[in-house]
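Per-entry structural report
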Amino acid sequence: SSVTMDEEQQALLARYVDAFERYDIDALVSLIRDDAAFSMPPFALWLQGTADIAAFYLGPGAGCRGSRLVPVAANGLPAFGHYKPSPDGGWEPWGLQVIEPSPTGIVGLHHFLDTERFFPLFGLPPRLEPESVVTG
C-alpha cells in the first residue's frame, strides 16, 4: 500500500531526514513526541521518550553520524533505507527505519537491522557510492 500523507506529515519527515543526515540530535528530538517509542529488532532495545532516544543517538548510536536515508514505504508507513558511512568510502546498509508520524510529532521510530532480507524487498541498493549521493 502506498503512503498517503498530508503536507504537514511530509514536512515533518523532510525535517527528520535533514536533522538525521546532519546528525543534529537537538533538531531530531524536537520532531519526536515525548512518549515516542524507539525499537531496533532483532535487538531487545526498546526506548521511550526523547531523553532516552537522544542519549542513545549520542552514545551507542553515534556511529550513525554521517548516514544517508533513502525513502521507501513499508506497511503504509513512511520508511527509509538507512546507510551508515563505510570505512572505504560511500555508505553501507545499516537498517530499515519505519517512522510513525502523527499530527503532534513522530510517535514511533523502528529500525529493522536485517538488511540482507529487507533491502532487496524494497529495491534498495546494496550500498551507496559517493558519486550517487547528490549534496545540495
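Up top is the structure.
Now for a look at the structure at hand. Predicted model, so just to flag it, every value in this text is computed and none were measured.

Section: the overall build of the protein
What the protein contains, in helices and strands, is four helices and six strands. In sequence order, the secondary structure elements of the protein are arranged as α-α-β-β-α-β-β-β-β-α. Taking 136 residues into account, the globule formula puts the C-alpha radius of gyration at 14 Å, and the protein, at 14 Å, falls close to it. Oriented by its inertia axes, the alpha-carbon framework of the protein measures out at about 35 × 35 × 35 Å. The buried share of the protein, taken over its 136 residues, is 45%. Taking the intrachain contacts of the protein between residues at least 6 apart in sequence as the baseline, contacts between residues at least 24 apart amount to 50%. Only carbon and sulfur atoms are counted for the fraction: they give 55% of the accessible area of the protein, which is about 7,200 Å².

Quick word on the packing of aromatic side chains
Within this structure, the stated rule accounts for 10 aromatic pairs. Here Phe-20 and Tyr-23 contribute two aromatic rings whose centre-to-centre distance is 6.0 Å and whose plane-to-plane angle is 75 degrees, an arrangement assigned as edge-to-face. Note on Phe-20: relative accessible area 1%, which makes it buried. By the ring-pair criterion, three or more aromatic residues cluster together here, those being Tyr-16, Phe-20, Tyr-23, Phe-38, Phe-56, Tyr-57 and Phe-80. In this structure, Lys-84 packs its charged tip against the face of Trp-94, placed 3.6 Å from the ring centre.

Description of the nonpolar core
Core analysis: the largest hydrophobic core is formed by 27 residues, its most contacted members being Tyr-16, Leu-28, Phe-38, Ile-53, Tyr-57, Ile-106 and Leu-109. Contributing elements (two or more residues each) for this core: α1 (7-22), α2 (25-30), β1 (32-39), α3 (50-58) and β6 (105-112). A per-element tally of this core places α1 first, with six residues. Excluding its chain neighbours within four sequence positions, the residues that come into contact with Phe-38 are Leu-45, Trp-46, Leu-47, Ile-53, Phe-56, Tyr-57, Leu-109 and His-111. One finds Ala-74, Ala-79, Phe-118 and Leu-128 within the second-largest nonpolar core, a separate group that totals 10 residues.

With respect to unusual backbone geometry
In this model, Pro-41 is joined to Pro-42 through a cis peptide bond whose omega is 10 degrees. In this fold, Pro-42 is placed in the loop between β1 and β2 (46-48). Notably, Tyr-23 is not glycine yet its phi reads approximately 55 degrees, a positive angle. With respect to the helices and strands, the residue Tyr-23 is situated in the loop between α1 and α2. Look at Tyr-23 and you get buried, because its relative accessible area is 5%.

A closer look at the environment of Gln-10
The topology assignment puts Gln-10 in helix α1. Separated by 91 residues in sequence, Gln-10 and Pro-101 have C-alpha atoms that sit 9.3 Å apart.

Considering the pairing of strand β5 (residues 91-102)
Alignment of strand β4 (residues 77-85) against β5, held across seven bridges, turns out to be antiparallel. Residue Ala-79 lies in a different strand from β5, and its bridge partner there is Val-98. Counting the residues that bridge the hairpin from β4 to β5 gives five residues, and of these Gly-89 lies at a positive phi of roughly 95 degrees. Bridge count between β5 and β6: seven bridges; the pairing is antiparallel.

Rules behind the numbers
- Throughout this document, residue positions are counted from 1 along each chain, in the order its sequence is written.
- Note on the predicted model: pLDDT of at least 70 is required for a residue's local features to be given, and 80 or more for side-chain atom pairs to be given and counted; whole-chain, interface and lining totals, by contrast, use all residues.
- Based on all heavy atoms of the structure, the side-chain values leave hydrogens and waters out of the count.
- Here a helix means four or more residues in a row that DSSP labels H or I, a strand means two or more in a row labelled E, and each is numbered from the N terminus.
- Radius of gyration: C-alpha atoms only; globule rule: 2.2 Å multiplied by the number of residues to the exponent 0.38.
- Burial classification: accessible surface area is computed with a 1.4 Å probe over protein chains only, and a residue below 20% of its type maximum counts as buried, one above 50% as exposed, and the rest as partly exposed.
- Only heavy atoms matter for contacts: two residues are in contact if any of them lie within 4.5 Å across the pair.
- In short, Shrake-Rupley with a 1.4 Å probe defines the accessible areas, and a residue's cover is counted only from the protein chains shown.
- Each Phe, Tyr or Trp ring, with Trp reduced to its six-membered ring, pairs with another whose centre is within 6.5 Å; inter-plane angles below 30 degrees give stacked pairs, above 60 give edge-to-face pairs, and intermediate values give tilted ones.
- Criterion for a charge above a ring: Lys NZ or Arg CZ within 6 Å of the ring centre, and within 35 degrees of the ring normal.
- Working definition of a nonpolar core: buried Ala, Val, Leu, Ile, Met, Phe, Trp, Tyr and Cys residues. They are joined through side-chain atoms within 4.5 Å.
- Two strands qualify as a pair provided DSSP detects at least 2 bridges between them.

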